[in-house]
Amino acid sequence: MGPKKNISDSGRVKRKNVRTTIELKKEIIAKFESGVRVSDLASPYGMAKSTISTFLKKIEALKGANVAKGVTSLTKKKPQILEEVEKLLLIFINEKQLRGEKALQIYEVFLKKTNFTL
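Residues numbered from 1 in each chain as written. Predicted model: local features only at pLDDT ≥ 70, side-chain atom pairs only at ≥ 80, totals over all residues. Heavy atoms only, no water.

(A) The overall build of the chain, seen in detail. Along the backbone of the chain there are six helices and zero strands. For the chain, the sequential pattern of α-helices and β-strands runs α-α-α-α-α-α. Taking as baseline every contact in the chain between residues at least 6 positions apart, the subset at least 24 positions apart corresponds to 45%. Carbon and sulfur atoms provide 57% of the accessible area of the chain, an area that totals close to 9800 Å². (Helix = DSSP H or I, 4+ residues; strand = E, 2+ residues; numbered from the N terminus. Contact = heavy atoms within 4.5 Å. Areas by Shrake-Rupley, 256 points an atom, 1.4 Å probe, with all protein chains shown as cover.)

Next comes the structure, spelled out in structure tokens:
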């Protein structure tokens with residue numbers, strides 16, 4: 001017996017909802033601008049042509065986006081200072097991981113330095 005399929009009330013198989021990062025969207029836009037057709041972009045990324053076209057409609061906003069790695073959506077609600085804090089936090093975490101420090105160790109140091117209690 002094969003794996004269960006995710007079937008909606010109408011009897012159709014549901015498509016898995018995937019969040020695409022801004023980095024990937026920029027990569028797709030760059031390939032499009034270099035002359036690759038939308039239909040040729042859709043298949044290697046496993047996306048519908050309409051999804052690629054939606055990215056291309058927002059081309060100026062996506063190209064101008066300067067966001068932290070892993071961010072999936074652009075919002076106007078987030079202040080620029082918060083974006084900078086996210087980037088710096090990501091750099092901090094990556095440096096700590098390269099030194100072999102674990103999240104629990106970082107958390108314990110944070111608690112000692114700040115006297116933070118819940």
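(B) View of helix α3 (residues 49-57). Within α3, the full set of buried residues consists of I52, F55 and L56. One side of α3 carries all its buried residues, which in axial view fall inside an arc of 100°. Residues of α3 that are buried make contact with α1 (22-33), α2 (38-45) and α4 (59-63). (Buried < 20%, exposed > 50% of the residue type's maximum accessible area, 1.4 Å probe, protein only. Arc of directions from axis to C-beta.)

(C) A look at the packing of α1 against α3. Where α1 contacts α3, the axes come no closer than 10 Å and their chain directions differ by 90°. When the axis of α1 is compared with that of α3, the two are roughly perpendicular. Counted together, K25, I28, I29 and F32 of α1 and I52, F55 and L56 of α3 form the full contact between these two elements. In terms of residue class, the contact of α1 with α3 is built from six nonpolar, no polar and one charged. (Axes fitted to C-alpha atoms, helices over the stretch in contact; angles between N-to-C directions. Parallel < 35°, antiparallel > 145°, perpendicular 65-115°, else oblique. Nonpolar A, V, L, I, M, F, W, Y, C, P; charged D, E, K, R; others polar.)

(D) Region of the structure containing α2. Every buried residue belonging to α2 is among V38, L41 and A42, and all of these are buried. Along α2, the residues classed as buried sweep out an arc of 100° about the axis, all on the same side. For α2, the exposed residues set more than 90 degrees away from the buried face come down to S43 and P44. Of the surrounding secondary structure, the elements contacted by the buried residues of α2 are α1 and α3.

Taken by themselves, the reported measurements are silent on function.
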